Amino acid sequence: MAAEKASPEDGKKGEPSKDDAKGKKKEEKKEVELSDEDLALKENLELMVTRSSDSKAGVAKLAMETMRSEIKSATSSMTSVPKPLKFLRPHLQTLKDTFAKMKKPAENKKLLADIISLLAMTDAPVENVMPESLKYRLLGSGEDIGTWGHEYVRNLASEIGTEYHRRQEEAGPDGMEVDNSDLMGLVNEIIPFHMKHNAEPEAVDLLIEVERLDILADHVTKENHARTCLYLFSCSSYLPEPEDAEVLKVAHAIFMKVEKYTEAMRVACRLGVQETMEETFNAAEDKLVRRQMCYMLARHGHPLKLDEGPCEVTDGDELEELQTIMSNSNLSANYLTLARDLDVMEAKLPEDIYKTHLMEGRAPAGAAVDSARANLASTFVNAFVNAGFGQDKLLTTSEGAEGTEGDGSAGAGSNVSWIFKNKDHGKMSAAASLGSILLWDVEDGLPRVDNYLYSMEQQVVAGGLLAVGLINVNVRNDCDPAYGLLYESVSKEDSSVRIGAIMGLGLAYAGCQKEEVQELLVPIITDESIPMDVVAFAALSLGLVFVGTCHEECVQAIVQALMLRPEKDLEHPFTKFLCLGLGLLFLQRQGEVEATLEVAKTLPPRVSEFLQVTLEVCAYAGSGNVLKVQAMLARCGEHPDLEGEETAAEGEGAAAGESGEEESKDWLPPPPPPGTSFGGR
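About the thresholds
- Residues numbered from 1 in each chain as written.
- Predicted model: local features only at pLDDT ≥ 70, side-chain atom pairs only at ≥ 80, totals over all residues.
- Heavy atoms only, no water.
- Patch = residues over 30% accessible without salt bridge, like charges linked within 9 Å, V, L, I, M, F, W, Y side chains within 5 Å.
- Areas by Shrake-Rupley, 256 points an atom, 1.4 Å probe, with all protein chains shown as cover.
- Salt bridge = Lys/Arg side-chain N within 4 Å of Asp/Glu carboxyl O.
- Helix = DSSP H or I, 4+ residues; strand = E, 2+ residues; numbered from the N terminus.
- Buried < 20%, exposed > 50% of the residue type's maximum accessible area, 1.4 Å probe, protein only.
- Contact = heavy atoms within 4.5 Å.
- Core = buried A, V, L, I, M, F, W, Y, C linked by side-chain atoms within 4.5 Å.
- Axes fitted to C-alpha atoms, helices over the stretch in contact; angles between N-to-C directions.
- Parallel < 35°, antiparallel > 145°, perpendicular 65-115°, else oblique.
- Left-handed = near helix turned anticlockwise from the far one by under 90°.
- Nonpolar A, V, L, I, M, F, W, Y, C, P; charged D, E, K, R; others polar.
- pLDDT = per-residue confidence, 0-100.
- Expected span 1.5 Å × (residues − 1).

**Considering a nonpolar patch on the surface**
Step number 1: On the surface, Leu 338, Leu 342 and Val 344 cluster together to form a nonpolar patch covering roughly 260 Å² of accessible area.
Step number 2: Structurally, Leu 338 can be placed in helix α19 (residues 331-341).
Step number 3: A relative accessible area of 46% places Leu 338 in the partly exposed class.

**Some points on the environment of Asp 182**
Step number 1: Structurally, Asp 182 can be placed in helix α11 (residues 181-196).
Step number 2: C-alpha separation for the pair Asp 182 and Leu 138, spaced 44 residues apart in sequence, amounts to 7.4 Å.
Step number 3: Beyond its immediate chain neighbours, meaning those up to four positions away, Asp 182 contacts Leu 138 and Arg 167.

**Here's the deal with the nonpolar core**
Step number 1: Core analysis: the biggest nonpolar cluster contains 88 residues, and Ile 525, Leu 562 and Leu 582 have the highest contact counts within it.
Step number 2: Looking at which element gives the most residues to this core, the answer is helix α29 (residues 532-545), with 11 residues.
Step number 3: Residue contacts for Ile 525: discarding those within four places in its chain leaves Val 535, Ala 538, Ala 539, Leu 542, Ala 557, Ile 558 and Ala 561.
Step number 4: With 86 residues, the next largest nonpolar core counts Leu 134, Leu 156, Leu 183 and Leu 186 among its residues.

**Description of the packing of helix α7 (residues 92-101) against helix α8 (residues 106-119)**
Step number 1: Two numbers describe how α7 lies on α8: the axes approach to 10 Å, and their chain directions differ by 150 degrees. Comparing their axes, α8 and α7 come out roughly antiparallel. Crossing angle aside, the handedness with which α7 passes α8 is left-handed. Residues Leu 92, Leu 95, Lys 96, Thr 98 and Phe 99 of α7 pack against Lys 109, Leu 112, Ala 113, Ile 115, Ile 116 and Leu 119 of α8.
Step number 2: Looking at side-chain class alone, the contact of α7 with α8 contains eight nonpolar, one polar and two charged residues.

**Quick word on the confidence of the model for the chain**
Step number 1: Chain-level pLDDT for the chain is 79 on average; 83% of the residues reach the 70-or-more range.
Step number 2: Note on residues 1-13: pLDDT under 50 across the span, and zero contacts to partners over four residues away in sequence or across chains.
Step number 3: Low confidence marks residues 644-681, where pLDDT is under 50. Its contacts with residues over four positions away, or in another chain, come to 59 contacts.

**A look at the packing of helix α16 (residues 274-283) against helix α17 (residues 287-300)**
Step number 1: Two elements in contact, α16 and α17, have axes separated by 10 Å at closest approach and are oriented at 160 degrees. Here α17 runs roughly antiparallel to α16, going by the angle between their axes. Judged by the sense of rotation from one axis to the other, the crossing of α16 with α17 is left-handed. Here Met 277, Thr 280, Phe 281 and Asn 282 of α16 come into contact with α17, specifically with Arg 290, Met 293, Cys 294 and Leu 297.
Step number 2: Among the residues making up the contact of α16 with α17, the classes are represented as five nonpolar, two polar and one charged.

**What to know about helix α27 (residues 495-508)**
Step number 1: Compared with the 20 Å implied by 1.5 Å per residue over 14 residues, the 20 Å span of α27 between its first and last C-alpha is a close match.
Step number 2: Counting buried positions along α27 yields 13 of 14 residues, so the element is predominantly enclosed.

See below:
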């Protein structure tokens, strides 16, 4: 009766709540998720964990062998977490305790260490402590590392890099040499595994981490060398100096091993080391391969001496052929052959580029009127669009067209008439543009330019000298016609003629490191009585000729000019060409520019800031140096006070009759045409 009289509330208190019921149902569902097979596996593995600590060595060994076989059979598929690992993971600490208590036999202890090493893959790393997976691997049996699967090997490689750097940091910069023989033993197991299983990037990363990239070449074959070297190239762009060069040297060694000599030469040209180029050239015995390498060396501006020295060629016919290729003597003929094959030999007019007839309201209504500015623009457009083709419709038209000289349309009149349709420095540009049209054609081009060198107009003479330089760009000739035609004009009285000759030398011998040019131009740079514009172009030419060489005498001459010149001269617009010439000497030399950068900081503020930026930009060009990129971006975000500069510029304009800036624009020579090479840099 008492139970019947119990209140409903008392009954509710005795019943489980809805939340508790839901929780129990979830737990039941989780337990039910395991199939009979999985449940049996779980119970079996838990039993093996218990028996691994058995006092009988035979029982413990059998338990460990069972666990190992279950794990190995499950690692064949990694689409999900293998069930043996999933069931054994909660017992990791139990296995560690068993390992710590186990003394004999040593074989059982090593077997258990292998299992713990695999299970410890998911352990979070602890600072200043060896990673658990790596630790137990070193204590393990040392069986083939590949039997545990790719994921285990990747994890181990990552932990090796972490442990290597930890040891290096503990030793410190002045510490004793660290013994990494245990780590290197594992590295020597992992690298062959990666190379055999198409994981070349991971092998390269590991060797870079442990600073043993030199052993990579021993594991490369003809099947995997392409992927390996491609990754090495990618890495070199992001590594600091000198590690970037070391990576390229390894790529070169790999190409040499698999006898890919043209690819090896490409790497040698990128390194810029003469001995490496010579070694690569001598290794090739096939004549066709040697021809290909000569074309590459000629294009990069690194000719080899084939008549003497380590690369001497004894076969007379082969020597003559290779020297012709390396001198670029046939560059113009090859270029024109390609143009004929592509059917693009017909000369184009500037109007073909402008397409003014397609623009409404732009077509001239009446007779065409000559404009000096429009003619100058047409000169440059004509020079670039017809570069290297040897003909155009403005400058190289036949002399018989002089009868139409009065016609203002483009293409009418002889070459002389077109030059004189320009004014002042426009005449110099028009004459120099002929060098672009006759690019690389030394034999036929120089006679056609020779007439301009004897003109009564000094601007035309200067343009002719510049054209001589353009025609000889990257072409080497035993007679050395460019130097013979230009060197006397360097000492002429007229500044425009001197500048034309100086820039002609700079373009003709860009990247050639010709000492005669240095002997000719250095005295001009150091002479304080010579006008600043001439000095500036002399420095720029030296920068082109000795680009990326850090030539000591050239550097000293330009720095001396910047230090000894009065501050008024440093405010001249052409001073920036002095800075650029100095920067070109350090092109891609990175750390070697530091000493010159310190000197630049001592110069007057007017030029110091610009020189520092120019030196850094040139020295780290193409390096991918993230820190330098960030520093440059920070400079771009600065907003300097321009009032002082504007005041100085106004004073300079008043002193120079407000002609300085106009001269700086007019005197600029045409940029080198497409295809011009500056020593492969």
